[in-house]
Amino acid sequence: MVRSYILVCGGTGCTSNHSGEIINALNAELKAQHLDEEVKVVMTGCFGLCAKGPIMVVYPEGAFYHSVTVEDVKEIVSEHLLKGRIVKRLLHTEDTTNEKVLSLNDTEFLKKQVRVALYNCGVIDPENIEEYIGREGYQALGKVLTEMKPVDVIETIKASGLRGRGGGGFPTGKKWEFAYNQKNDQKYVCCNADEGDPGAFMDRSVLEGDPHSVVEAMAIAGYAIGANKGYVYIRAEYPIAVKRLQKAINDARAYGLIGKNIFNTGFDFDLEIRLGAGAFVCGEETALMTSVEGKRGEPRVRPPFPAVKGLYGKPTILNNVETYANVPHIIRKGADWFASMGTEKSKGTKVFAVGGKIVNTGLVEIPMGTTLREIIYDIGGGIKNGKKFKAAQTGGPSGGCIPEQHLDVPIDYDNLIAIGSMMGSGGMIIMDEDNCMVDIAKFFLEFVVDESCGKCTPCRVGTKRLLEILTKVTNGEAELADIDRMEEISHYLQDNALCALGKTACNPVISTLRYFRDEYIEHIVNKRCPAGVCKGLTKIVIDKDKCIGCGICKKNCPVNAISGEIKQPHVIDPEVCVKCGLCITKCPKGAISRR
Amino acid sequence: MAQLNVKINGKPYTVNEGTILEACQQAGVRVPTLCYLKDLNPLGACRLCVVEVKGARDLPASCVTPVSEGMEIWTSTKKVLDSRKMTLELMLSNHNNDCNSCVRSGSCELQSLANEYSCDVHRFAGEVTKGEEEVTPYLIRDNSKCILCRRCVAACSKLQHVAVIGPNKRGFNTYIGTAYGMDLAGSGCVSCGQCINVCPTGALREKDDTDKVYEAINDPTKHVVIMPAPAVRVGIGEEFGYPIGTNQQGKMVAAMRRLGVDAVLDVDFTADLTIMEEGTELLHRLQGEGPLPMFTSCSPGWINYIEQYYPEFLPNLSTCKSPHMMSGAIVKTYYAKKKGIDPKDIFTVTVMPCVAKKGEIIRDDINASGYKDIDCVITTRELARMIKRSGIMFNNLPDEDFDEFVGRGSTAGLLFGATGGVMEAALRTVAEILEKKPLPKLDFVAVRGTEGIKRASVNLAGKDLHVIVASGIENAHTIMEELKAGKLKDAAFIEIMCCPGGCVAGGGQPIQPADVWNTTDVRGLRAKAIYDTDTASKARKSHENKEVNELYANFLGEPNGHKAHELLHTTYRNRSIKEK
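Residues numbered from 1 in each chain as written. Chains lettered and ligands numbered in written order. Predicted model: local features only at pLDDT ≥ 70, side-chain atom pairs only at ≥ 80, totals over all residues. Heavy atoms only, no water.

(A) Looking closely at the overall build of chain B. Across its full length, chain B holds 19 helices and 17 strands. Over its C-alpha atoms, taken along the principal directions, chain B stretches across nearly 75 × 55 × 50 Å. Buried residues in chain B amount to 61% of all 580 residues. Taking all contacts inside chain B whose residues are at least 6 apart in sequence as the whole, residues at least 24 apart take part in 74%. (Helix = DSSP H or I, 4+ residues; strand = E, 2+ residues; numbered from the N terminus. Buried < 20%, exposed > 50% of the residue type's maximum accessible area, 1.4 Å probe, protein only. Contact = heavy atoms within 4.5 Å.)

(B) Geometry of the overall build of chain A. Across its full length, chain A carries 23 helices and 20 strands. In terms of C-alpha radius of gyration, chain A reaches 26 Å, essentially the compact-globule figure of 25 Å for 595 residues. Referenced to the eigenvectors of the C-alpha coordinate spread, the extents of chain A come out at roughly 85 × 65 × 40 Å. A buried classification covers 59% of the 595 residues belonging to chain A. For chain A, the share of sequence-separated contacts (at least 6 apart) that also reach a separation of at least 24 residues comes to 68%. Charged side chains in chain A number 73 positive and 74 negative. The centres of these two groups are separated by 3 Å. (Rg over C-alpha atoms; globule rule 2.2 N^0.38 Å. Lys, Arg positive; Asp, Glu negative; His and termini not counted. Charge placed at Lys NZ, Arg CZ, Asp CG, Glu CD.)

(C) Molecular detail of the packing of helix α10 (residues 211–225) of chain A against helix α11 (residues 239–254) of chain A. Residue and element names in this part refer to chain A. Axis separation between α10 and α11 bottoms out at 9 Å; the angle between their running directions is 55 degrees. Judged on the interaxial angle alone, α11 and α10 are oblique. The element α10 and its partner α11 pack so that their crossing is right-handed. Mapping the contact onto sequence places Pro211, His212 and Val215 in α10 and Arg244, Leu245, Ala248, Ile249, Asp251 and Ala252 in α11. In terms of residue class, the contact of α10 with α11 is built from six nonpolar, one polar and two charged. (Axes fitted to C-alpha atoms, helices over the stretch in contact; angles between N-to-C directions. Parallel < 35°, antiparallel > 145°, perpendicular 65-115°, else oblique. Left-handed = near helix turned anticlockwise from the far one by under 90°. Nonpolar A, V, L, I, M, F, W, Y, C, P; charged D, E, K, R; others polar.)

(D) Expanded view of the sheet that holds strand β1 (residues 3–8) of chain B. All names here are of chain B. Strand order in the open sheet formed by four strands is β2-β1-β4-β3, and the pairing between neighbours is mixed. Looking at the sheet topology across the chains shown, the edges are occupied by β2 (11–16) and β3 (52–53). Sheet topology places β1 next to β2; six bridges connect them, and they run antiparallel. Paired with Asn5 across the strands is Thr14, a residue of β2. (Pairing = 2+ DSSP bridges.)

(E) Broad picture of helix α6 (residues 139–147) of chain A. Turning to α6 of chain A, its buried residues are Ala140, Leu141, Gly142, Val144 and Leu145 of chain A. Packed against the buried residues of α6 of chain A are α7 (150–160), α10, β9 (259–262), β10 (267–275) and α13 (321–333) of chain A.

(F) Broad picture of the sheet that holds strand β7 (residues 188–193) of chain A. Residues and elements named next belong to chain A. With mixed pairing, five strands are arranged side by side in an open sheet as β9-β10-β8-β7-β11. Taken across any chain shown, the strands that pair with only one partner, and hence form the sheet edges, are β9 and β11 (316–320). For this sheet, the mean inter-axis angle between neighbouring strands, taken without regard to orientation, is 25 degrees. Here β7 runs beside β11; their pairing, made up of five bridges, is parallel. Residue Cys190 lies in a different strand from β11, and its bridge partner there is Leu318. Sitting on the sheet, α11 is in contact with β8 (229–234) and β10, with an inclination near 160 degrees to β10.

(G) Spotlight on the pattern of salt bridges. With the rule as written, the count across this model stands at 88 salt bridges over all chains. For the salt bridge of Asp482 of chain A with Arg485 of chain A, the shortest nitrogen-to-oxygen distance reads 2.5 Å. Highlighted residues: Asp482 of chain A and Arg485 of chain A, both in helix α19 (residues 481–496), separated by three residues, approximately one helical turn. A salt bridge links Lys54 of chain B to Glu72 of chain B, with the nearest nitrogen and oxygen atoms 3.8 Å apart. Here Lys54 of chain B is found in the loop between β3 and β4 (72–74), whereas its partner Glu72 of chain B is found in strand β4, with 18 residues between them in sequence. (Salt bridge = Lys/Arg side-chain N within 4 Å of Asp/Glu carboxyl O.)

(H) Local environment of the interface of chain A and chain B. The interface is formed by 30 residues belonging to chain A together with 34 residues belonging to chain B. Here chain A packs against chain B, burying approximately 2,600 Å² in sum over the two surfaces, 51% of which is carbon and sulfur. Taken as a group, Arg460, Arg465 and Asp495 of chain A account for 23% of the area that chain A buries against chain B, more than any other trio of residues on that side. Joining chain A to chain B, the criterion identifies seven salt bridges. Where Lys79 of chain B meets Asp495 of chain A, a salt bridge forms, and the shortest distance between an N and an O atom there is 3.5 Å. Secondary structure elements with two or more residues in the side of chain A that touches chain B: α17 (437–451), α18 (457–474) and α19 of chain A. Broken down by element, the residue count for the side of chain A that touches chain B peaks at eight residues, all from α18 of chain A. (Buried area = accessible area lost by both parts, 1.4 Å probe.)

(I) Representation of the environment of Glu177 of chain A. Residues and elements named next belong to chain A. In this fold, Glu177 is placed in helix α8 (residues 172–180). Taking the C-alpha atoms as reference, Glu177 lies 29 Å from Ile133; in sequence the two are 44 residues apart. Residues contacting Glu177, with those up to four places away along its chain left out, are Ile154, Glu155 and Lys158. Among the polar contacts made by the side chain of Glu177, one reaches the side chain of Lys158 at a distance of 2.9 Å. (Polar contact = N/O pair within 3.5 Å; in protein donor to acceptor, adjacent residues only side chain to side chain.)

(J) Summary view of the pairing of strand β13 (residues 346–352) of chain B. Residues and elements named next belong to chain B. Across the seven residues that make up β13, a large majority, seven, are buried. Neither face of β13 is left uncovered, since the one carrying Ile346, Thr348, Thr350 and Met352 and the one carrying Phe347, Val349 and Val351 both have all their residues buried. With six bridges joining them, strand β10 (residues 223–228) and β13 adopt parallel strand pairing. Looking at β13, one finds that Met227 is bridged to Thr350. Alignment of β13 against strand β14 (residues 376–379), held across four bridges, turns out to be parallel. Its bridge partner being in β14, Thr350 is matched across the sheet by Val377.

(K) The arrangement of the packing of aromatic side chains in detail. On inspection of all chains with the given rule, the structure shows 17 aromatic pairs over all chains. Geometrically, the ring pair formed by Phe280 of chain A and Phe447 of chain A is edge-to-face, given 4.8 Å between the ring centres and 70 degrees between the ring planes. In this pair, Phe280 of chain A is assigned in the loop between β10 and α12 (285–292) and Phe447 of chain A in helix α17, connecting sequence segments 167 residues apart. The class for Phe280 of chain A is buried, based on a relative accessible area of 17%. Aromatic rings pair up to connect Tyr334, Tyr335, Phe405 and Phe555 of chain B into one cluster. Between the NZ or CZ atom of Arg135 of chain A and the centre of the ring of Tyr119 of chain A, over which it lies, the distance is 4.1 Å. If you follow Lys388 of chain B out to its NZ or CZ, it ends over the ring of Phe240 of chain B, 5.3 Å from the centre. (Phe/Tyr/Trp six-rings, centres within 6.5 Å; stacked < 30°, edge-to-face > 60°. Lys NZ or Arg CZ within 6 Å of the ring centre and 35° of its normal.)

(L) Seen up close, the pairing of strand β1 (residues 4–9) of chain A. Residues and elements named next belong to chain A. Most of β1 is tucked away, with five of its six residues classed as buried. By the bridge criterion, six bridges tie β1 to strand β2 (residues 39–44) in an arrangement that is parallel. Across the sheet, residue Leu7 finds its bridge partner in β2, namely Val42. Pairing between β1 and strand β3 (residues 56–59): four bridges, direction antiparallel. Across the sheet, the residue bridging to Leu7 is Val57, located in β3.

(M) Seen up close, a nonpolar patch on the surface. Residue and element names in this part refer to chain A. A surface patch of nonpolar side chains, amounting to about 240 Å² of accessible area, comprises Leu480, Ile521 and Val525. Within the element layout of this structure, Leu480 appears in the loop between α18 and α19. Taking relative accessible area as the criterion, Leu480 reaches 46% and is therefore assigned partly exposed. (Patch = residues over 30% accessible without salt bridge, like charges linked within 9 Å, V, L, I, M, F, W, Y side chains within 5 Å. Areas by Shrake-Rupley, 256 points an atom, 1.4 Å probe, with all protein chains shown as cover.)

(N) Focus on the environment of Pro410 of chain A. Tracing the sequence through the fold places Pro410 of chain A in the loop between β15 (400–403) and α16 (413–418). Each residue touching Pro410 of chain A, except ones within four places of it in the same chain, is listed here: Gly369, Thr370, Thr371 and Asn415 of chain A.

(O) Summary view of the environment of Ile469 of chain A. Residue and element names in this part refer to chain A. Structurally, Ile469 is set in helix α18. Given the relative accessible area of 11%, Ile469 is considered buried. As for Ile469 and Met428, which are separated by 41 residues in sequence, their C-alpha atoms are 26 Å apart. If near-sequence neighbours (up to four positions away) are discounted, Ile469 is found in contact with Asp482, Arg485, Met486 and Ile489.

(P) Examining the confidence of the model for chain B more closely. Of the residues in chain B, 99% reach a pLDDT of 70 or more, and the chain-wide mean stands at 95. Predicted as a complex, the structure gets a pTM of 0.93 and an ipTM equal to 0.92. (pLDDT = per-residue confidence, 0-100.)

Written as structure tokens, this is what we have:
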């Protein structure tokens, strides 16, 4: 009889940090200690506290071990599993109280979270369909097919207030209703798993940790709108997610949970995976469908809208992974339950992938209406290294920054738009005093220029020209009139671009100009980057009072820009220096810095 | 069609269901476009046709946005005009602005819009994508002038089916070309030049061969014979301000003479000759001496298509050369002998509505006479440039006629310029031969018109002859697939022209801007000029061409006879691209 379960995170983050080897080492050690019948190791999806990965939770105590290495395995097995003694040094220490916490659920990180989309992540083995079923899996589909009519499903989703989690925030029930109302003998259900925003990994985690939730939800959606075929478009850069979803589809088919005549109700539904090929723009709904059709993935004009004429010209709904992940719960627990969470116009919860200068980087799921302050300081553990918060970027390359004065705005779709940002798909990057907002805008704009499909003139040429002006700003070559030029191009893009990629490409520029205009002016007028980031405007300088003349910087400089005698203060030639910053990291005395 | 009530620029209109652009056209309001080509390229990509619509969050593209009841549209508010100006200036910032040396200066759609909107070419100066030039014997692509409207891609894929060009890379670095950097000539391109006709700028142009013609004209030892194709005369007027669909044969001949050539012969003459050869060939095949259906072979774009895509059906092609190739062969033998000129001193130049002909003249088996049949092909456009450059004032010229000796054709020969024309010319001759008496009516209306595929049945000497006429490679593809599937067992004779509408809209004809193509039946108007000339003519049958009959009597012998085969017939090659 099994007396203990060891859950180890098998998400991409922890896997790249050797959690797979930890699992192998655990299994080997348990066998060696003859414990393999009593103790089972389970690979799960993402627990969320990625900053502390690889994550391990041992039941029945629920002991949460963090930053586990292969070398820790022997001690864990002998101390915890054999002798019943928690390995205290591996327990998570709360940064605010400096106290050890036993259970993951007791951490400040998790206390304010409500896991709906991430319900099974970190709990079940995503490759085991029985564990999904064991946690009410496929009951929603059963209820829908045996007790509800398609209109009932649509009314439930509408009443729940669920809005698209991919960033658009369109009411999901309404979208399904449009497709339902189309008379056509062929309709399609599509899932957008192209997740392209830099830093976002919410959808990846759902697919890696709970792929059946998407399979079940798509079957429910198919029943609701009258479709019997679905496609999941996953970016090819997510091999683990692809593998786990394919297994989920295969297992569901084998169990008769998708396929022909599901539950003997006469309803057929099947789905297949289509891989992306490295284009961010294929996350745009019409470009995605064009790509599934085998053509060059470029958006097309609307109308006609996909619900009327989508994939192969048929009525199609396309929803984001996280949107689907909510559906089985809404069906099981009811629309009222879901609508009891969140704000008036934004119901339910939202998953955020929080990264940047925050202590607890990782995946969080919070009710809509939670404030940024709560996310950063309560859940996130505050800003790293005691630095000062500057701004949070949400919405990726289509989004904007939220400055300190808006830390208490309840996060929901409409509030974020009102302050010049947007919810986006959930990527959230926290920035501190050492970030340059102009550089941040440039980062996102470079991304857009690289990913533009090139079909329409505004985006193809306009974003490029906008980036060229912004680059001049970061190089100290701009004039004040360039700010006007950037604003002019930005408004032109919003009005004229063919798709949302082009229309929102200027958002990072517009929102940083709105809240950090003084930084732009400092770059332009005084040719100075206050945060010391922009390479064109910073010099790397050796403090001659701190320099001991050890010569390490000189030896490591890739362009031989440093000169100096042994035990004499060294000097960097600014004409030769490429500002790579290697010397800063190598200096044993911290005598080198950017100015 | 439903009618809707809308407001355009403040005034109420009742318009047909359709796009905002079409509604504006009905209201007499012009909205500029660049990438839009009716039915061919409804892309909404260039964003030039944006308008303001009350209640819309952005500026919709009028070419692809449907009107709705009660819609309020504003086509030239400050916001709209400023946006269009910026769109043009962005395009110009990544465009080769050397208008002075560009062959399209004066007919470039970007140039005229830039002028209209007083664009500042330097406003968005920045990085420029390096446009590569690709040179083939028939066309030149210069991507430094490309504005990525994708009209050429649409023509190549939708109109001509072969789809050998498309966008490569993405974003700012997008460029139009073949896949994987293949040479155009070996990519499955059929050299039709339809892409040139739809290009708004100078990114695509014909290979200019006028220097060869000038050289020959200026060489006192050369006897230059210039020969225009049927379709040229109903197009060339457009280059001199005449309305579309004006037959300017008289002025065209007068102009060509004044270039300094030695002889001006009509290809209509050898079109008549072709009918004699091909009609005889058809009659032989109808008696079981060759595979049916028989395909016409005068369109080199079509030959390029069948050799590359359906080489298994090469035996179905008529073995006749195309008319101008026959001209060359006759000029360098029969004509040379009669005139006492050494054929090596004869320079034959034909004026064609076509760019594929530039490739046709360098095929291997074209010198059965011992000399190249045709030394040079220039397009209608090149001829117009030569006339202008030589200071010839076309509009003031008197009407002149072609040289008499092997120089004049019947209007049956003229019909070759329109889709269905070869068929009709052939039927007039074949019918009279089979019926053994003159036809009461010479008009075979069933094979006329700009429809892509026409099927007809003609009862001749008590038997039904099933014929098909197709133009445009998309339609050629349909016919070939039917043939492959065994559905054309009844068909006897099939005319296929590479260019939709036939040669009147060939890749070498005068270019009309999209504005005109979107609202005018250019193909129909040019073809009408041909049919009107034919109706008014007294010489409407190929087999009654006196010079043609003398040519047989004095030189060739029998149609399809040994000498005719040597000089006037050709062979084909399996150039299947599937094996690559």
